[in-house]
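Overview (structure and organization)
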Amino acid sequence: DWEIWSTDDAITWEKESVVRPEHTSMGPADQCWAVDAAEKDGNYYLYVSHGSKETYVFTSNDPGKGFVDMLGGPILPEKCTKTASYDPAVFADDDGNCYILFGTPVWAGGDSYYIARLNDDMLSLAEQPRKIQLDDEADDKPFLHKYNGLYYLSWGSYYATSENVY
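Residues numbered from 1 in each chain as written. Predicted model: local features only at pLDDT ≥ 70, side-chain atom pairs only at ≥ 80, totals over all residues. Heavy atoms only, no water.

Topic: the overall build of the protein
- For the protein, the count of helices and strands is zero helices and 12 strands.
- Mapped from its N terminus to its C terminus, the protein presents α and β elements in the order β-β-β-β-β-β-β-β-β-β-β-β.
- Over its C-alpha atoms the protein spans a radius of gyration of 16 Å, differing by no more than 12% from the 15 Å that the globule rule assigns to 166 residues.
- Oriented by its inertia axes, the alpha-carbon framework of the protein measures out at about 40 × 35 × 30 Å.
- Taking all contacts inside the protein whose residues are at least 6 apart in sequence as the whole, residues at least 24 apart take part in 39%.
- Summed over all atoms, the accessible surface of the protein reaches about 9100 Å², with 45% contributed by carbon and sulfur.
- Taking the average location of the 12 positive side-chain charges in the protein and that of its 29 negative ones, the two points are 6 Å from each other. (Helix = DSSP H or I, 4+ residues; strand = E, 2+ residues; numbered from the N terminus. Rg over C-alpha atoms; globule rule 2.2 N^0.38 Å. Contact = heavy atoms within 4.5 Å. Areas by Shrake-Rupley, 256 points an atom, 1.4 Å probe, with all protein chains shown as cover. Lys, Arg positive; Asp, Glu negative; His and termini not counted. Charge placed at Lys NZ, Arg CZ, Asp CG, Glu CD.)

Some details on the confidence of the model for the protein
- Chain-level statistics for the protein give a pLDDT mean of 91 and a share of 98% at 70 or above.
- Within the protein, strand E6 (residues 89-92) carries the highest mean pLDDT (97), whereas strand E12 (residues 158-162) carries the lowest (91). (pLDDT = per-residue confidence, 0-100.)

A closer look at the nonpolar core
- By size, the foremost hydrophobic cluster in this structure holds 15 residues, and its most contacted members are Tyr47, Val90, Ile100, Leu118 and Met122.
- Contributions of two or more residues to this core are made by strand E4 (43-50), strand E7 (98-104) and strand E8 (112-117).
- Here this core takes three residues from E7, the largest share from any one element. (Core = buried A, V, L, I, M, F, W, Y, C linked by side-chain atoms within 4.5 Å. Buried < 20%, exposed > 50% of the residue type's maximum accessible area, 1.4 Å probe, protein only.)

Some remarks on the sheet that holds E12
- Spatial ordering of the open sheet is given by E10-E11-E12, a layout of three strands whose pairing is antiparallel. This sheet does not close on itself; its edge strands, each paired only once, are strand E10 (142-147) and E12. Neighbour-to-neighbour, the strand axes of this sheet turn through a mean angle of 20°, independent of strand direction.
- One ladder, built from five bridges, connects strand E11 (residues 150-155) with E12; its direction is antiparallel. Residue pairing in the sheet places Ser154 in a bridge with Tyr159 of E12. (Pairing = 2+ DSSP bridges. Axes fitted to C-alpha atoms, helices over the stretch in contact; angles between N-to-C directions.)

Some thoughts on the packing of aromatic side chains
- By the definition in use, this model includes nine aromatic pairs.
- Between Phe102 and Tyr114 the ring centres are 6.0 Å apart and the planes differ by 20°, which places this aromatic pair in the stacked class. Linking Phe102 in strand E7 with Tyr114 in strand E8, this pair joins segments that are 12 residues apart in sequence.
- Judged by relative accessible area, Phe102 falls into the buried class, the value being 0%.
- Residues Trp155 and Tyr158 carry aromatic rings whose centres are separated by 6.1 Å and whose planes lie at 25° to one another, so their mutual orientation is stacked.
- Following the ring pairs from residue to residue traces out a cluster consisting of Trp2, Tyr56 and Phe58.
- For the cation-ring pair, Arg130 lies above Tyr166, with the distance from its terminal atom to the ring centre recorded as 3.7 Å. (Phe/Tyr/Trp six-rings, centres within 6.5 Å; stacked < 30°, edge-to-face > 60°. Lys NZ or Arg CZ within 6 Å of the ring centre and 35° of its normal.)

Regarding the sheet that holds E4
- Judged by pairing direction, the sheet is antiparallel, and its three strands sit side by side in the order E3-E4-E5 without closing on themselves. With one partner strand each, in any of the chains shown, strand E3 (32-40) and strand E5 (54-60) form the two edges of the open sheet. The average angle at which neighbouring strand axes cross in this sheet is 20°, direction not considered.

Rendered as structure tokens:
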């Protein structure tokens, strides 16, 4: 299960709801892994890992509850790239484009991280996933943010910078 919690002060937390895989096209699952969330145009999106296999997306108009599986299957199916399609991270750029990152290191059977621009619906890819070129090996779940015009990709205890989102 994926639990959704809220807080007003980062000290006191309240459980809002639980997203259960058996209530989605994922079906019964014993490997509910990494999750990331995004908001666009008043809609909320949860991108979730089904074990080390694939990534699903659920949507709601309330950040705390009511998430629905609109696709009826994964947004990132198993073997859509040379790496496993899990550990999603979502990034919204200054120009309004949103991206999904995912991937695994070589030691875990992958070959790096991948990135793809999302369509405006946040439920589909606008392009084929592209491999992110790194000077070091990928490790755990990636995160991407931008500061002063520079993109920062971080994973585990490492980070890399680029002037280009890809």
